[in-house]
Amino acid sequence: MYTIGTAGHVDHGKSALVKALTGIDPDRLREEKERGMTIDLGFAWLRLPSGREISIVDVPGHERFVKNMLAGVGGIDLALLVVAADEGVMPQTREHLAILDLLRIKRGLVAITKVDLVDEEWLSLVTADVEDVLKGTVLAEAPIVTVSAKTREGLSQLLATLDDLLADTPPKRDIGRPRLAVDRVFTITGFGTVVTGTLIDGRFQVGQGVEIQPAGRQARIRGLQTHKQRVEVAMPGNRVAINLAVLSTSDLQRGDIVTIPGWLQPTQAIDVGLRLLPDARRPLPHNTLVAMHTGSAEVMAKVLLLDREELKPGETSWAQLRLAAPVAVVRGDLFVLRTPNETIGGGEIVEPHAKRHKRFQSEVLRSLSLLTRGSVQDLVQQSLEGRFPLELDQVVQRSGLPREQCLAILQELVQSGQVIPLDSYFLTENSWRVLAERVEAILGSYHQQHPLRLGMPKEEVRSRLALPSRAFNETVARLAREGRLVETDSKLRLVEHLPQFTTEQQEKVKQLLVLLAEHPHAPPSRQELEQQLSLEAEVIDSLIEQGKLVKVSDSLVFLPSALEKMKAEIVNYISNRGSVTVAEVRDMFKTSRKYALAIMEFLDEQKVTRRVGDERLLR
């Protein structure tokens, strides 16, 4: 699931385009419909030609409602910048583009709308103007599609382009610490309080206890919806509606964070890396009061510049933001700063719980520079994030820390349960959970498809996981120690799985074993057994896996007891006479050459005997 956010000047056709694409009118407020202008956030969704489902956050374009736009654009995977062909690039086009730049929305496309109102020459001029404005921004390489919501011209191409851009867009990470920045709070009769937002960094499930920050209120998830469909589990990257038990709408507001209890603490002082936009109207002096937007929250903040008296347009600086009210943020979160009528800059949160600093201190500035890469613990954990377990040297390489320090931190994280060790590999607790669940899902699916097989070939499981052999073997070993699977003869199975024959199959198995006991040295072939008893081949394969039959050749199976007795007699014969021929084996057991040859070739493969000319010797 991916989330797309619109951006662009007022009345450039964002909402009309969303409605033409989805059939859903994102203007939900009566005032919006009366004025023909989006005031607050709107939401819609659709399924792309590839089958991908996407959510669309439609944001207002009017300058008076830019703060509402900022509440919706955080957490999106792709930006849809809308420019009307009859007006071209306008002030909010530039401001929204600057916001996308500050929030590092790296994927996007431009839709030039209302092409039915202009001629080709004018459209070419507008397209050239858009290309010029995009230069030097995060959307510099973004494709441009011309469309009309009224005539539906270009809509198919727009959907195909969205599909292409999302094909290589990585899914939202799941680090086991879900956060949902609330952008709407309302009540549904019969259900109670509902909040909506885009879920990041983890998953939620029905019945789960949650915490609402910065107030610290506790609640429980009564229900979850995505695209008006009930779900038991909501995954990161989804637009989610959460029905919260216990709390009322007066307990919640836009900007709150819904998360799991016990880890996210609010703050009123943050250290940041700050960039002033190149086209800001004036420098930013030390101690300026601004509005800070992060996630869906807006709070007044005083900017304390730590390395200069004022920040000039286009420059970057270390700064501390003193906040008028608490917010719940983490290191790496992005923010935007605005004056009453202008977006002026933004940046990244380096330290969410900042201490007071003396200005112009080289030690403070050096420490902040190091923190842009996170604390050493964060560095190690970030190095481990991903699907594959990593060896110590790989963690050292990714983190850039000394080997001894890296190992010490890993050991601390292992003791705290945040990192799971294999024999020579490490991975985060969340990555281990995901990997273990993936193994169990693969085995569970295999058992459903092949209920008579004892287990799934190990190599097939490894291939499905795309893990290196050693990492896979260590994964299997830990899962076996945890009692989650069983390894037998290069096959893996879930602990609770055992082959189960039907009543009819059990009766046929009894008949098969009687037939083989009656002809221990010359049993019927597999084909004859299957035909005579109307037996599925998979039943015989299951008996072989369970050790109740021994496969001597592709067409012959023997009872283990009969084969073991024949083997003992052949070994004894060779020990006394020095060798044995196929003809002698045939006479020994009063059988045919076919069976004697099959038995001797089997003993050769088992390294009991070896062939020299027409004779067999013991190895």
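Whatever comes next refers back to the structure up there.
Below you will find a few notes about this structure. (Residues numbered from 1 in each chain as written. Predicted model: local features only at pLDDT ≥ 70, side-chain atom pairs only at ≥ 80, totals over all residues. Heavy atoms only, no water.)

All right, on to the pairing of strand β19 (residues 288-294) then. For β19, the tally of buried residues reaches 6 of 7 residues, placing the bulk of the element in the interior. Across 7 bridges, the pairing between β19 and strand β20 (residues 297-305) is antiparallel. From the neighbouring strand, L289 faces β20, where its bridge partner is K302. Counted along the chain from β19 to the antiparallel partner β20, the turn is 2 residues long, and its residue G295 has a positive phi close to 60°. As defined by bridge partners, β19 adjoins strand β23 (residues 334-339) across 3 bridges and the pair is classed as antiparallel. Counterpart to A291 in the pairing with β23 is R338. (Buried < 20%, exposed > 50% of the residue type's maximum accessible area, 1.4 Å probe, protein only. Helix = DSSP H or I, 4+ residues; strand = E, 2+ residues; numbered from the N terminus. Pairing = 2+ DSSP bridges.)

Turning our eyes to something else, we now look at the pattern of salt bridges. By the definition in use, this model includes 32 salt bridges. Between D174 and R203 there is a salt bridge, with the nearest N and O atoms lying 3.0 Å from each other. Residue D174 is found in the loop between α6 (155-167) and β7 (179-181), and its partner R203 is found in the loop between β9 (192-200) and β10 (204-205); the two are separated by 29 residues along the sequence. Taking the shortest distance from any N to any O, the salt bridge between R179 and D333 comes out at 2.9 Å. One end of the pair, R179, is in strand β7; the other, D333, is in the loop between β22 (316-327) and β23, with 154 residues separating them in the sequence. An identical accessibility class is assigned to R179 and D333; each is buried. (Salt bridge = Lys/Arg side-chain N within 4 Å of Asp/Glu carboxyl O.)

A word on the packing of helix α14 (residues 503-518) against helix α16 (residues 537-545). Across the interface, α14 lies against α16 with an axial gap of 11 Å and an inter-helix angle of 65°. In terms of axis orientation, α14 runs roughly perpendicular to α16. Our pair here, α14 against α16, has a crossing hand that is right-handed. Taking contact as the criterion, the partners of Q505, V509 and L512 in α14 are, on α16, V539, I540 and L543. Looking at side-chain class alone, the contact of α14 with α16 contains 5 nonpolar, 1 polar and no charged residues. (Axes fitted to C-alpha atoms, helices over the stretch in contact; angles between N-to-C directions. Parallel < 35°, antiparallel > 145°, perpendicular 65-115°, else oblique. Left-handed = near helix turned anticlockwise from the far one by under 90°. Contact = heavy atoms within 4.5 Å. Nonpolar A, V, L, I, M, F, W, Y, C, P; charged D, E, K, R; others polar.)

Take the sheet that holds strand β5 (residues 108-113) next. Here we have 6 strands laid out as an open sheet, ordered β2-β3-β1-β4-β5-β6, and mixed in their pairing. Unpaired on one side and paired on the other, β2 (42-47) and β6 (144-146) mark the two borders of the sheet. Averaged over all adjacent pairs, the angle separating strand axes in this sheet is 25°, with direction ignored. Its contacts with the sheet put helix α5 (residues 120-134) on β4 (78-84), β5 and β6, and the angle it makes with β5 is roughly 155°.

What follows covers the sheet that holds strand β35 (residues 615-618). Across the sheet, which stays open at both edges, the 3 strands sit in the order β33-β35-β34 with antiparallel pairing between neighbours. With one partner strand each, in any of the chains shown, β33 (580-581) and β34 (609-612) form the two edges of the open sheet. Of the strand pairs in this sheet, β34 and β35 are connected by 4 bridges, and their pairing is antiparallel. Considered in β35, the bridge of T609 is made with L618. Sheet strands in contact with helix α17 (residues 560-577) are β33, β34 and β35, and its direction is about 90° off that of β35. Seen against the sheet, helix α19 (residues 593-605) touches β33, β34 and β35 and runs at an angle of roughly 115° to β34.

Just distances and angles here, no functional claims.
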